[in-house]
Amino acid sequence: MMKKMSIPTSKTSLVLFLCQIISALDVPLDSKLLEELSQPPTITQQSPKDYIVDPRENIVIQCEAKGKPPPSFSWTRNGTHFEIDKDAQVTMKPNSGTLVINIMNGGKAEAYEGVYQCTARNERGAAISNNIVIRPSRSPLWTKEKLEPNHVREGDSLVLHCRPPVGLPPPIIFWMDNAFQRLPQSERVSQGLNGDLYFSNVQPEDTREDYICYARFNHTQTIQQKQPISVKVFSMDSLNDTIAANLSDTDIYGAKPVTERQPVLLTPTGSTSTKVELRGNVLLLECIAAGLPTPVIRWIKEGGELPANRTFFENFKKTLKIIDVSEADSGNYKCIARNTLGSVHHVISVTVKAAPYWLTAPRNLVLSPGEDGTLICRANGNPKPSISWLANGVPIAIAPEDPSRKVDGDTIIFSHVQERSSAVYQCNASNEYGYLLANAFVNVLAEPPRILTPANKLYQVIADSPALLDCAYFGSPKPEIEWFKGVKGSILRGNEYVFHDNGTLEIPVAQKNSAGTYTCVARNELGKVQNEVHLEIKDPTMIIKQPEYKVIQRYGHVSFECIIKHDSTLLPTVTWLKDNDELPDDERFLVGKDNLTIMNVTDKDDGTYTCIVNTTLDSVSASAVLTVVAQPNPPFDLELTGQLERSIDLSWIPGDENNSPITNFVIEYEDALHEPGVWHYQTEVPGTQTTVQLKLSPYVNYSFRVIAVNKIGRSQPSEPSEQYLTKSASPDENPANVQGIGSEPDNLVITWEPLKGFQSNGPGLQYKVSWRQKDVDDEWTSVIVANVSKYIVSGTPTFVPYEVKVQALNDLGYAPEPSEVIGHSGEDLPMVAPGNVQVHVINSTLAKVHWDPVPLKTVRGHLQGYKVYYWKVQSLSRRSRRHVEKKILTFRGNKTFGMLPGLEPYSSYKLNVRVVNGKGEGPASPDKAFNTPEGVPSSPSFLKITNPTLDSLTLEWGSPTHPNGVLISYTLKFQPINNTHELGPLVEIRIPANESSLILKNLNYSTRYKFYFNAQTAVGSGSQITEEAVTIMDEVQPLYPRIRNVTTAAAETYANVSWEYEGPDHANFYVEYGVAGSKEDWKKEIVNGSRSFFVLKGLTPGTAYKVRVGAEGLSGFKSSEDLFETGPAMASRQVDIATQGWFIGLMCAVALLILILLIVCFIRRNKGGKYPVKEKEDAHADPEIQPMKEDDGTFGEYSDAEDHKPLKKGSRTPSDRTVKKEDSDDSLVDYGEGVNGQFNEDGSFIGQYSGKKEKEPAEGNESSEAPSPVNAMNSFV
């Protein structure tokens, strides 16, 4: 750590900061700044300290350095100056200190062995390299030796020595045979760290003559081979002649058989040993033992644990490997070799030493004149290293003196430095295991401030994220940095800003109001400089509709949405990934603007899909999982086990469940003996079960198959199992569903369900059919039949109970005794009709009928119930007969009464009753007549209101369709209503039943009335009919408002809606519209003023719309709907005709022509002339048309003499509601189909438009029609 002297804190920070900037190894400088600033040399590249070279290739000793001015280079060799120019084989690369020694052109590598050191020097100091020891690699040959064959007894241990030649670096050892195949190694046979091959015990298969040790020298890329070693293993059971020739008789007969032996260590020897390793290296400890059986090796550390994550076992646990050792790994390590006969151990005492290593390496100093600083050099090692200093490569004790420098052990202290104090200092830390050398320069500079960040740099950040505005600077002394916002803003302070030492301004949470121009100012005692940067804040990119988890069936289609929202100035790119990788190159993957669609999904499409949205400033992503499900794959490997006569075990292996768990397995069987090719359901088991015991039937040739089922569906059936034929047996069961039912009055038909093939249990299946009359002491009658399921017994009494049974039998015997069922012989029609039929009329539409039951003996069958036939004879009010339509009600069982609903009031009915059995109906009872009483009538068939006048209305009606009795009167109720549907007083009038019309007088003029009308019988009043009507004002036929001829002219995104209106003046219109076929509410637009057109805007191109027009204040009054469709979206490159030059010229010409015509007309008018329109009006003058005021174009007031004259434009019509064609060219006839238009009963026009349009009014007149009185129709007088 750097010591604090008397310098202020800001200067200490400056030193640390500039040290980081200047150091070429830490932060590179700006290129322009590098060209201008002086800098002492810095070694940037050098060869390793221990440099082993290939003697066949040129030797390259690297030394690269930089500085300002560029440094020069020199070398020493073995401590003395190396005269490079005097050796033709040695050259130095241009602008570099790297040496190239030419060996390939006659030089010898051995001549250049030695210790080299490079010096890089410029006017500000000298840096030196490490001592580089150059040694050529060596790969000597094996010394020739005569190797005797190894004769060894089976079970003994053996060591084959390699003893490779000493090379540089040491070779890599391995054992192979003559075929260059590595010899197999195991716990019994393995290679030691020294290269020897160890046999814990030999076996006969170890006999061979080509045990060859190889040494590979990597530097020279050569391999040296030892002479082959022969090994012969002798067994005591097979002594050959060779052994007999080499051993004496005593040896032979005294040899013992192979015996087991307890472990003995082959290496290391003894019980203890020591090992020294350096810090940071790999510690390798080895124990190899002999013994039979082969010993097993185990390692422990006495008094501690083996270090976790750094401990490894190699060579079948014979080698303990600890990587990156430290002093804490020192201690005693014990290896234990053990077999069944005992154990042996060895303790290795490990000591970890350390070559020097840095605690604090010296760092470059950049100081201003007069400043203070320190260089600190701290290292550690075992033993502790000594520290020595050099200045520009010379021991500091003999270096030129510098009054600003003071050495204090591992620290050099600088005080009040000057520019001449610049130098490169070397720190050397060394002990017996090595040394460290570090260069650190002191560079004294006096420089005014410079800002390295480009001017007017633009920063763009996302809102609510940090904004970092750079102000990279340099200066000596260290400049002070200040930030301002805006050109004339105040200095930035406060918690919302973070000011970094490197000049960067950080806005931790940038908001929209953070955008703007920021100014950075750097100043020191030598000057001041400033720079502006600009900040823009962008909206964040968001995924507003994320992809969602999908489960899709195989071969279906699936779509993932990814709808985004982003800043309008940023261009997003959307990328889809599958399982964090690119989408497959498959045309089934369709990437749209906002979605990803996968067609014909397959199993391999299963995975996680991620939508990634990138802009230049931010990135967001969202993922969803796609699970592809399908029916399971079929089970396989069906196996039959545990075969018994009536059961068998079936097992199988399930197929792939395809992401949907198997819920159950269905087992089916095929009977190849009776129904080959037909598969039947056997049973099913849960999806977790893969074996089942199946019950079997005799005499069936079984095959089984299994079907897997999940929520998606059923798998294909598995392959059939092997066949299994069961033995025959007598039937286990009898036919089911045995019945005895007669088809004729004198027979009994016995039926049953025949047994299926596998139920027969054997060949020769037959049925024994037995029957006898119940409750009669008769014997059973039996018959044996085959291949049938029915037997008919003839000559039986009518409807008599029988006992019936059917028994199965085959060639091996009978089935168990069957159960008996009760049947009946055939039925016949009932003999008698129900008696004492009575009717009780409950009300005008409901009656209750009673009867006595018939004797059961006369039913002659199963009693099913009674049927009541009833019909209307005539209506008592009209006395007119009609076609008789009989109705039938059936009452099940032995009921003796029933209800007859739905009768018509005041009518005459008849009925009869019949008994019913399985054969049919019996005779009918005598007809019983009854009448229904009166009821209330239905509503009058119609109500019309005609001939409205100032104070009267005429009502006409029709009698009720169903009077349901004798009508006694009608009741009329009416009351006035206004345009807000508020009701006035109610008036009631009773009218005789024989009347069909009524004139109401003394009513208020121009008033709407609501009428309620119903009929009465003696029972009460019927339902009412309602109607509304309006009296007229001033005896003028009312003009009912209507909107017609609604037309639309649609464009791409708008439509012109126009209509024609007839009705009260000053109506306020509105337009309603919506998408055709949609259930959404209508959208409403208010029309300003009394215009008859409106423009709908903001429509969707290519969409069908519906539209209608209504008038405010006219409740419920709307036009019929019109349909239109907007045009398709047009390409942006299409040309607007209104911007074309030819079109503009044409319009200008037309406008000029119109202007000339207007001037001519104006001149003629001032002269009293008449232009054609005026002449036409004068020629066809109509005295009934009221004069128009010349000042405002409105109609004049009506005179009393003209009150009863019809208006030409149809505001008034004759009392017969027709308009003569000759009266007006603009009559209502033009709008009807044919000559005359049709009107509703209330006077509204209902004729279909014929497509003709009204004549256009003269220019300057909004309408030539007289005012209509309808405005006052909806208010009370």
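Residues numbered from 1 in each chain as written. Predicted model: local features only at pLDDT ≥ 70, side-chain atom pairs only at ≥ 80, totals over all residues. Heavy atoms only, no water.

1. Notes on the overall build of the protein chain
Secondary structure assignment for the protein chain yields six helices and 92 strands. Looking at the protein chain as a whole, 41% of its 1277 residues qualify as buried. Contacts spanning at least 24 positions in sequence make up 64% of the contacts within the protein chain whose residues lie at least 6 apart. Per element, the accessible surface of the protein chain, about 69000 Å² overall, is 50% carbon and sulfur. (Helix = DSSP H or I, 4+ residues; strand = E, 2+ residues; numbered from the N terminus. Buried < 20%, exposed > 50% of the residue type's maximum accessible area, 1.4 Å probe, protein only. Contact = heavy atoms within 4.5 Å. Areas by Shrake-Rupley, 256 points an atom, 1.4 Å probe, with all protein chains shown as cover.)

2. Focus on the nonpolar core
Counting residues in each nonpolar core, the largest one holds 29 residues, and the members touching the most others are Ile59, Ile61, Trp75, Ile101 and Tyr116. Of all the elements in the fold, those that place two or more residues in this core are strand E3 (59–61), strand E4 (63–68), strand E5 (72–77), strand E8 (99–101), strand E9 (114–122) and strand E11 (132–136). Residue contributions to this core peak at three residues, all from E9. Among residues more than four places away in sequence, those in contact with Ile101 are Asn58, Ile59, Ile61, Gln89, Val90, Tyr112 and Tyr116. (Core = buried A, V, L, I, M, F, W, Y, C linked by side-chain atoms within 4.5 Å.)

3. Here's the deal with the pairing of strand E91 (residues 1104–1112)
Within E91, seven of the nine residues are buried, which leaves the element mostly enclosed by the surrounding structure. Of the strand pairs in this sheet, strand E88 (residues 1068–1075) and E91 are connected by eight bridges, and their pairing is antiparallel. Among the inter-strand pairings, Glu1072 is bridged to a residue of E91, identified as Arg1108. Sheet topology places E91 next to strand E92 (residues 1122–1125); four bridges connect them, and they run antiparallel. When the sheet's bridge partners are listed, Val1107 is paired in E92 with Asp1122. (Pairing = 2+ DSSP bridges.)

4. Observations regarding the pattern of salt bridges
Using the criterion set out here, one finds 36 salt bridges in the structure. Residues Asp177 and Arg208 are paired through a salt bridge, measuring 3.3 Å at the closest nitrogen-oxygen approach. One end of the pair, Asp177, is in the loop between strand E14 (172–176) and strand E15 (189–191); the other, Arg208, is in strand E17 (residues 208–217), with 31 residues separating them in the sequence. Across the pair Lys578 and Asp579 runs a salt bridge whose closest N-O atoms are separated by 3.2 Å. (Salt bridge = Lys/Arg side-chain N within 4 Å of Asp/Glu carboxyl O.)

5. Some remarks on the state of the cysteines
Applying the stated criterion across every chain, the model contains six disulfides. There is a disulfide in this structure between Cys562 and Cys611, and the S-S distance comes to 1.9 Å. What sets the handedness of the Cys562 and Cys611 disulfide is the S-S torsion sign, and at about -65 degrees it is left-handed. Here Cys562, found in the loop between strand E49 (558–561) and strand E50 (563–565), pairs with Cys611, found in strand E55 (residues 607–614); they are 49 residues apart in sequence, far enough to count as distant. Of the residues examined, Cys562 reaches a relative accessible area of 1% and is grouped as buried. Note on Cys611: relative accessible area 0%, which makes it buried. (Disulfide = S-S within 2.5 Å.)

6. Brief notes about the side chain of Thr411
Secondary-structure assignment places Thr411 in strand E35 (residues 411–414). Within the local environment of Thr411, its side chain forms a polar contact with the side chain of Asp410, the two groups lying 3.0 Å apart. (Polar contact = N/O pair within 3.5 Å; in protein donor to acceptor, adjacent residues only side chain to side chain.)

7. A short note on a nonpolar patch on the surface
Nonpolar side chains collect at one region of the surface, where Leu1152, Leu1155, Ile1156, Ile1159, Val1160, Phe1162 and Ile1163 lie side by side and expose about 660 Å² of accessible area between them. By secondary structure assignment, the location of Leu1155 is in helix H5 (residues 1141–1166). Overall, Leu1155 belongs to the partly exposed group, its relative accessible area being 47%. (Patch = residues over 30% accessible without salt bridge, like charges linked within 9 Å, V, L, I, M, F, W, Y side chains within 5 Å.)

8. Some thoughts on the sheet that holds strand E53 (residues 589–591)
With antiparallel pairing, three strands are arranged side by side in an open sheet as E49-E54-E53. Each of the sheet's edge strands pairs with one partner strand only, and the pair in question is E49 and E53. Going across the sheet, the axis of each strand differs from the next one's by a mean of 15 degrees, ignoring polarity. Across four bridges, the pairing between E49 and strand E54 (residues 595–598) is antiparallel. Counterpart to Ser559 in the pairing with E54 is Thr597. (Axes fitted to C-alpha atoms, helices over the stretch in contact; angles between N-to-C directions.)

9. Here we look at the packing of aromatic side chains
Evaluated as defined, the whole model comprises 24 aromatic pairs. Considering the side-chain rings of Trp652 and Phe665, the 5.3 Å spacing of their centres and the 65 degrees angle between planes classify their relative orientation as edge-to-face. Here Trp652, found in strand E58 (residues 647–653), pairs with Phe665, found in strand E59 (residues 664–671); they are 13 residues apart in sequence, far enough to count as distant. Relative to Tyr1105, the ring of Tyr1073 has its centre 6.4 Å away and its plane inclined at 55 degrees; by these criteria the two rings are tilted. With Tyr1073 in strand E88 and Tyr1105 in strand E91, this pair connects stretches of sequence that are 32 residues apart. With respect to burial, Tyr1073 and Tyr1105 carry one shared label: buried. Ring-pair connections join several aromatic residues into one group, and the members of that group are Phe174, Phe180 and Tyr214. (Phe/Tyr/Trp six-rings, centres within 6.5 Å; stacked < 30°, edge-to-face > 60°.)

10. Re the side chain of Thr615
With respect to the helices and strands, Thr615 occurs in the loop between E55 and strand E56 (619–629). Of the residues examined, Thr615 reaches a relative accessible area of 13% and is grouped as buried. Only 2.4 Å separates the side chain of Thr615 from the side chain of Asp618, close enough to count as a polar contact. Sequence-distant contacts of Thr615, defined by excluding residues within four places in its chain, comprise Thr541, Leu570, Leu571 and Pro572.

11. With respect to the sheet that holds strand E40 (residues 467–469)
Spatially, three strands are ordered E40-E44-E43 in an open sheet, and the strand pairing comes out antiparallel. Each edge of the sheet is formed by a strand with only one pairing partner; in this case those strands are E40 and strand E43 (498–499). In the sheet, E43 pairs with strand E44 (residues 505–507) via two bridges, with the strands oriented antiparallel. Residue pairing in the sheet places Val498 in a bridge with Glu506 of E44.

12. A short note on the environment of Gln224
Looking at where Gln224 falls in the secondary structure, it is placed in strand E18 (residues 222–225). Taking C-alpha positions, Gln224 is 8.2 Å from Pro140, a pair spaced 84 residues apart along the chain. With sequence-adjacent residues up to four places away left out, Gln224 is seen in contact with Ser139, Pro140, Leu141, Trp142, Cys213, Tyr214, Ala215 and Phe217. For Gln224, the side chain forms a polar contact with the main-chain oxygen of Ser139, separated by 3.5 Å.

13. Quick look at the environment of Leu158
Assignment of secondary structure puts Leu158 in strand E13 (residues 158–160). The sequence separation of Leu158 and Leu197 amounts to 39 residues, and the corresponding C-alpha distance is 8.3 Å. Excluding anything up to four places from it in sequence, Leu158 contacts Asn150, Leu197, Tyr198, Phe199, Val202 and Val231.

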